[in-house]
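Spelled out, the chains give:
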Number of protein chains: 2
Amino acid sequence: MSALDWIAADWGTSHLRVWGLAGDHVVQQAQSDQGMAQLGRDGFEAALLALVGDWLPNGQITPVIACGMAGSRQGWVEAPYRSVPCTPLGATLTPAPTRELRLSVHVVPGLKQVKPADVIRGEETQIAGYLARNPGWDGVICLPGTHSKWVHISAGEVVSFQTFLTGEMFALLTQHSVLRHSVAGWDSAGFADGVAQGMERPERLMARLFSIRAEGLLDGLDPALARARLSGLLIGAELAAAKPYWLGQRVAVIGADGLAKAYATALAGLSVPVSIHDATEMTIAGLNEARAHLPPSERPCVN
Amino acid sequence: MSALDWIAADWGTSHLRVWGLAGDHVVQQAQSDQGMAQLGRDGFEAALLALVGDWLPNGQITPVIACGMAGSRQGWVEAPYRSVPCTPLGATLTPAPTRELRLSVHVVPGLKQVKPADVIRGEETQIAGYLARNPGWDGVICLPGTHSKWVHISAGEVVSFQTFLTGEMFALLTQHSVLRHSVAGWDSAGFADGVAQGMERPERLMARLFSIRAEGLLDGLDPALARARLSGLLIGAELAAAKPYWLGQRVAVIGADGLAKAYATALAGLSVPVSIHDATEMTIAGLNEARAHLPPSERPCVN
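Per an unreviewed UniProt entry, chain A carries the name 2-keto-3-deoxygalactonate kinase and comes from Roseinatronobacter monicus.

Encoded structure:
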């Protein structure tokens, strides 16, 4: 196994994922449920060491580059938002305080947009990774997830972006609402049908959600069909509202396997030229880009 | 105090409310959190007796008329839905099994609509109460709540109706979502602003919800303004989708005080002739109407 020379960390609200790398080659990986929401400011270093402590070579400082909620106001250290239009990564990273002498930690700042007010934390790194892999690419990046992001890229800069609560809404409805007993499983045709309905009349969303419940009561609607249609209705409404982003553009979808594919399928159905890219791969590529911004003393001689 | 001759019961998912009446005059009232969701089929009678046991005169049978979820499949006894178009109350009530000899219990059936699939349980009684008070009234009844209902009334019948998940969505977002720490209090101007935004571009709902969070982070958005705007956005989107119901119609809003007023204010702003009516009053009036459908042997001689 190659010697590890830096560590990439994706620190979300609910999870921490880390990778040990030799250059851009992953040699170790681990994860835990020690997301930002579980931790007080003093808990971050211990949560990180619990995963990477055994990886650290003695007698040297291993740099850690982190993105995501570790840089939020409730995180390890606040990495203030940078304002768009700007490149996804800036010239500086924010150092986090550490006691362990074998590591130094730097956090990637998020992005903010003044009007309409919007914020990004974590996805800027995936965007940087995608642009590093595709230099000179112009178009729109769609990052589906708990809070889906649509991002307009031009000349290497994030020009504007918009966030939708779609993924969180799906979780709330399937876990906490009156629909929770009516939905389970997946049905591809039901998803496509929901997307079409959601796009055609997005304003009817709240009524169509209750229809799922009513069809369950009256017609014994199949729970797999119900869950897929629910997802489709939400994503369809998002696509209707995001039309100014995707219309006449090429779209790169960056996300986890199933969800990215669902968005890509829906976009392809609208004749949008679309490609799919793995979120984890883009995160690591972006953190590798960010590593170039480390202070020279902490930059390992691997480039 | 006049002698009680019947009992009205509004049995919801989360609460049970009962009134003891002499004719149409309330002489007793009580409530508990023994809603349908808390009870197995065998628990309903005990939950009712816990509230009304002390009211029951000896040596006679006191009739109880119940509406709401007590008549659902998971309720005390299933009172099968009646299909619209139909009058809000039918000719028969569904008897519930009882062991206590001093009471007889009958449940009001709900209404169903085949296409688009939709159901009502409880609001049919409020509608019946409203029509009893306003004979010959034609128009649209709006019943805001956890699941808001818009109901088209013509010639004393429910012609069609549509349910929106609006109230439940507000509860989910304020209690379980990323917005829960950003919203508290109320601001009337913020509500009006939200309604206008929600109506104008209902398809942007999921994006505007995240904007509330982003404005909180970036601009320190006042939590009272945030909560009122959230409510306004949801109600505005509902009004946009319910336009086929209210456009060119007079609307009777039946609901609890604050919420009914919020809907009425929004409708009045759209130049819709609107009146407000208390939900409890309409429920009791409707149950009093239903009492006329009791089997003759159980009908007290008070009319």
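Here we come to the domain arrangement of chain A. All names here are of chain A. Here the domain parsing of chain A yields domain 1 (6–134 + 281–293) and domain 2 (162–278). Using only C-alpha atoms to locate each centre, domain 1 and domain 2 end up separated by 30 Å. Counting residues at the interface gives 6 residues for domain 1, matched by 7 residues for domain 2. Here domain 1 and domain 2 share an interface that buries about 620 Å² over both sides, 51% of which is from carbon and sulfur atoms. Per-residue buried area on domain 1 facing domain 2 is highest for Asp-118, Tyr-130 and Met-282; these three make up 59% of the total on that side. Joining domain 1 to domain 2, the criterion identifies 0 salt bridges. Where domain 1 packs against domain 2, one counts 3 residue pairs in polar contact (both at pLDDT 80 or more). For the side of domain 1 that touches domain 2, the secondary-structure elements that each account for two or more residues are strand E9 (118–120), helix H2 (123–133) and helix H9 (279–290).

Sheet topology note: the strand E13 (residues 251–255) of chain B/strand E14 (residues 274–278) of chain B ladder contains 5 bridges and is parallel. Bridging across to E14(B), Ala252(B) finds its partner in Ser275(B).

Contacts between the two partners involve 38 residues from chain A, matched on the other side by 38 residues from chain B. Of the roughly 3,400 Å² buried between chain A and chain B, counting both surfaces, carbon and sulfur atoms make up 74%. Inspection of the chain A/chain B interface yields 0 salt bridges. Where chain A meets chain B, there are 6 residue pairs in polar contact (both at pLDDT 80 or more).

The space that makes up the second largest pocket amounts to roughly 1,700 Å³. Elements with a contribution of two residues or more to the lining of the second largest pocket: helix H5 (205–219) of chain A together with strand E1 (6–11), strand E9 (118–120), helix H2 (123–133), E13 and helix H9 (279–290) of chain B. A per-class count over the lining of the second largest pocket returns 17 nonpolar, 20 polar and 11 charged.

Next up on the list: the pattern of salt bridges. Close approach of charged atoms allows side chains with opposite charge to pair. All names here are of chain B. Overall, the coordinates contain 12 salt bridges over all chains when judged by the stated rule. The partner of Arg-201 in a salt bridge is Glu-203, and the shortest N-O contact between them spans 2.8 Å. You can call Arg-201 partly exposed: its relative accessible area is 31%. Using a relative accessible area of 18% as the deciding quantity, one classes Glu-203 as buried.

It is worth spelling out the packing of aromatic side chains at this point. Tallied over the entire structure, the rule returns 10 aromatic pairs over all chains. On the numbers, 5.0 Å between centres and 90 degrees between planes, the contact of Tyr130(B) with Trp137(B) is edge-to-face. Of the residues examined, Tyr130(B) reaches a relative accessible area of 2% and is grouped as buried. Joined through ring pairs, the aromatic side chains of Trp11(A), Phe44(A) and Trp76(A) make up one cluster. Above the plane of the ring of Tyr81(A) lies Arg121(A), whose end atom (NZ or CZ) is 4.3 Å from the centre.

This brings us to the side chain of Arg229(B). Tracing the backbone through its elements, the reader meets Arg229(B) in helix H6 (residues 223–241). Other than its neighbours up to four places away in sequence, Arg229(B) contacts Gly190(B), Phe191(B), Asp193(B), Gly194(B), Ile212(B), Glu215(B) and Leu221(B).

This part covers the pairing of E13(B). All names here are of chain B. Most of E13 sits inside the fold, with 5 of its 5 residues counted as buried. Burial along E13 is two-sided: Val-251, Val-253 and Gly-255 and Ala-252 and Ile-254, pointing in opposite directions, are all buried. Across 3 bridges, strand E10 (residues 139–143) lies against E13 in parallel orientation. In the sheet register, Val-140 faces E13, and the bridge partner there is Val-251.

Attention shifts here to the packing of helix H4 (residues 188–200) of chain B against H6(B). Two numbers describe a pair of packed helices, the interaxial angle and the distance between the axes. All names here are of chain B. Remark: H4 packs on H6, axes separated minimally by 6 Å, with the N-to-C direction vectors making an angle of 35 degrees. At the point where H4 passes H6, the crossing takes the right-handed sense. Residues Gly-190, Phe-191, Asp-193, Gly-194, Val-195, Gln-197, Gly-198 and Met-199 of H4 pack against Leu-225, Ala-228, Arg-229, Ser-231, Gly-232, Leu-233, Ile-235, Gly-236, Ala-237, Leu-239 and Ala-240 of H6. Across the contact of H4 with H6, the residue classes tally to 10 nonpolar, 7 polar and 2 charged.

Time to look at the relation of the copies chain A and chain B. Relative to chain B, chain A is turned by 180 degrees and slid 0.1 Å along the rotation axis, the superposed coordinates differing by an RMSD of 0.1 Å. These values place the two chain copies in the arrangement generated by a two-fold rotation axis. Closest approach to the rotation axis among the C-alpha atoms of chain A is made by Glu203(A), whose C-alpha sits 2.7 Å away. When the interface residues of chain A are mapped onto chain B, 100% of them are again interface residues, pointing to one common binding face.

This part takes up the packing of helix H3 (residues 166–176) of chain A against helix H6 (residues 223–241) of chain A. Residues and elements named next belong to chain A. As a packed pair, H3 and H6 sit with axes 10 Å apart at the nearest point and diverge in direction by 150 degrees. By the angle between their axes, H3 is roughly antiparallel relative to H6. In this structure, H3 meets H6 at a crossing whose hand is right-handed. Taking contact as the criterion, the partners of Thr-166, Met-169, Phe-170, Leu-173 and Thr-174 in H3 are, on H6, Arg-227, Leu-230, Ser-231, Leu-234, Ile-235 and Glu-238. Across the contact of H3 with H6, the residue classes break down as 6 nonpolar, 3 polar and 2 charged.

Turning next to the sheet that holds E13(B). Pairing in this open sheet of 5 strands is mixed, and the strands run E12-E11-E10-E13-E14 (chain B) from one edge to the other. Two strands close off the open sheet at either side, each with one partner strand: strand E12 (157–164) and E14 of chain B. Across the sheet, the mean angle from the axis of one strand to that of its neighbour is 20 degrees, orientation sign disregarded. Across the sheet, H5(A) lies against strand E11 (148–154) and E12 of chain B, angled at about 100 degrees from E12(B), the strand it touches most.

Here is what the cut-offs are and how they apply
Residues numbered from 1 in each chain as written. Chains lettered and ligands numbered in written order. Predicted model: local features only at pLDDT ≥ 70, side-chain atom pairs only at ≥ 80, totals over all residues. Heavy atoms only, no water. Domains from an automatic or database assignment. Contact = heavy atoms within 4.5 Å. Buried area = accessible area lost by both parts, 1.4 Å probe. Salt bridge = Lys/Arg side-chain N within 4 Å of Asp/Glu carboxyl O. Polar contact = N/O pair within 3.5 Å; in protein donor to acceptor, adjacent residues only side chain to side chain. Helix = DSSP H or I, 4+ residues; strand = E, 2+ residues; numbered from the N terminus. Pairing = 2+ DSSP bridges. 1 Å grid on protein atoms, 1.4 Å probe; cavity = no way out; pocket = protein on both sides within 12 Å on 5 of 7 lines; lining within 4 Å. Points joined across faces, edges and corners; volume = space filled by probe spheres on them. Nonpolar A, V, L, I, M, F, W, Y, C, P; charged D, E, K, R; others polar. Buried < 20%, exposed > 50% of the residue type's maximum accessible area, 1.4 Å probe, protein only. Phe/Tyr/Trp six-rings, centres within 6.5 Å; stacked < 30°, edge-to-face > 60°. Lys NZ or Arg CZ within 6 Å of the ring centre and 35° of its normal. Axes fitted to C-alpha atoms, helices over the stretch in contact; angles between N-to-C directions. Left-handed = near helix turned anticlockwise from the far one by under 90°. Least-squares fit on C-alpha atoms with pLDDT ≥ 70 in both. Parallel < 35°, antiparallel > 145°, perpendicular 65-115°, else oblique.

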